[in-house]
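Analysis of the macromolecular model
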Amino acid sequence: MKDFSYQALPMRVVFGAGSIKKLSEEVAALGLKRVLVLSTPFQEELARDVSRQLGDASAGVHAEAEMHVPIESAHRARAAAKAADADGYVAVGGGSTTGLGKAIALEFGAPIIAVPTTYAGSEMTPIWGLTADGEKKTGRDPKVLPTSVIYDPDLTLTLPVGMSVTSGFNAIAHAVEALYAPDASPIISQMAEEGTRAMISALPLIAGNPGHPEARSDALYGAWLCGATLGATTMSLHHKLCHILGGTFNLPHAETHAVVLPYALHYNAPFAPEAIAALQRATGAGDPAGYIRRLSVELGAPASLRSLGLGDSDVETVVAMATRNQYANPRPLTEEGIRGLVTAALNGDDLT
Ligand code: NAD
């Protein structure tokens, strides 16, 4: 056993089909009287249902969440929270909505109750992100960690198969990097392995039948575990590359994770034997990177960064940004190595 330190994050989780009905209890248990319900414009109807369910404890709905939390969107949400005299925030949606709740909490510090409807995992982390002048900045602050999380698989039944698959691989990416993180610990590695196993087993069933109740439940359980590993460890090359591709080239978040993950894992595999052993157990495959690549393409995830909008002329910028600073990664970061990885992901090359 290697030496480790582990900081548990304070968090209450309520899990189960139909558990959105327990939201009022959660709000009351936190002593909140006026919560602002947040969503994207696309999920406004759901947010309004939730707000109605809360009755007098709702201070209204702010349905303006956007991907990567543009700073103007954060300003508008903070103004809405102030105008509504909100004492807490209920974020109903994916990572973008949770991110907007975090942007408000970063300024005002009030509790967030997260109701995740994708597998992104932001609800389990103290990580905030804000985008200004085309650059996304992220940071960690305990005050943005949701106080309570309601995981209701029924709310994920509407998540289209394509997004379910890419969001599922987004979750697995957290677990993969947690397994070889510099601050990995035995409990987090167990969660990463189990989260990967649950997600890998659920995704093919969801692709076959998006209304499969057990598979939806397993996938959300996997998303919880994978999100918790993201919150507890320091991410490496894979997340760095996705951050650059999303922040600078505006590539879509979950799809980018789905494409890059097998290439980043393939690059790191020879330098991360314990992580590979855990992923072999979780996937039942001898070569987890090849397996993840085949499964994601088979389930309809995009096959290349080119199909997401990256071009040949962008490769050198990605390489320069990814190697500018050295950061924790199992395999040393060389320009040649990263160029090979990004070019292969650009073209959707077979892993050899
Ligand atoms: P998203 O939140 O942007 O959602 C994408 C779209 O899907 C939105 O229109 C949303 O309303 C819709 N949607 C969500 N759930 C749905 C459902 N069940 N049915 C139908 N439609 C649904 O996408 P995401 O991938 O969840 O989140 C991406 C964002 O989250 C990125 O900005 C990323 O950086 C951030 N993120 C942050 C962290 C963190 O720890 N801070 C972790 C993961 C992701």
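What counts and what doesn't
- Residues numbered from 1 in each chain as written.
- Predicted model: local features only at pLDDT ≥ 70, side-chain atom pairs only at ≥ 80, totals over all residues.
- Heavy atoms only, no water.
- Phe/Tyr/Trp six-rings, centres within 6.5 Å; stacked < 30°, edge-to-face > 60°.
- Helix = DSSP H or I, 4+ residues; strand = E, 2+ residues; numbered from the N terminus.
- Buried < 20%, exposed > 50% of the residue type's maximum accessible area, 1.4 Å probe, protein only.
- Lys NZ or Arg CZ within 6 Å of the ring centre and 35° of its normal.
- Axes fitted to C-alpha atoms, helices over the stretch in contact; angles between N-to-C directions.
- Left-handed = near helix turned anticlockwise from the far one by under 90°.
- Contact = heavy atoms within 4.5 Å.
- Nonpolar A, V, L, I, M, F, W, Y, C, P; charged D, E, K, R; others polar.
- Core = buried A, V, L, I, M, F, W, Y, C linked by side-chain atoms within 4.5 Å.

Comments concerning the packing of aromatic side chains
- Tallied over the full model, the rule gives two aromatic pairs.
- Seen in terms of ring centroids, Tyr221 and Trp224 are 6.2 Å apart; in terms of plane orientation they differ by 55°. Their pairing is tilted. Of the two residues, Tyr221 and Trp224 are both situated in helix α7 (residues 213–232); the distance of three residues between them amounts to about one turn of the helix.
- For Tyr221, a relative accessible area of 26% gives the class partly exposed.
- Judged by relative accessible area, which is 25%, Trp224 ranks as partly exposed.
- The ring of Tyr267 carries the charged tip of Arg331 above its face, separated from the ring centre by 4.4 Å.

A look at the packing of helix α8 (residues 237–247) against helix α9 (residues 253–268)
- Between α8 and α9, whose axes approach to 9 Å, the crossing angle comes to 145°. Two packed elements cross with a definite hand, and for α8 against α9 that hand is right-handed. Only Thr256, His257, Val260, Leu261, Ala264, Tyr267 and Asn268 of α9 make contact with α8, whose side of the interface consists of Leu237, His238, His239, Leu241, Cys242 and Leu245.
- Here the residues of the contact of α8 with α9 are counted per class, giving eight nonpolar, five polar and no charged.

Section: the nonpolar core
- Judged by nonpolar contacts, the single largest core of 46 residues is most densely connected at Tyr119, Phe169, Ile172, Val176, Met199 and Leu265.
- Those elements that provide at least two residues to this core are β8 (148–151), α5 (161–179), α6 (186–208), α7, α9, α10 (273–283) and α11 (288–298).
- Examining the composition of this core, we find that nine residues originate from one element, α5, more than from any other.
- Apart from the residues within four sequence positions on either side, Phe169 is in contact with Leu203, Ala258, Leu261, Ile292, Leu295 and Ser296.

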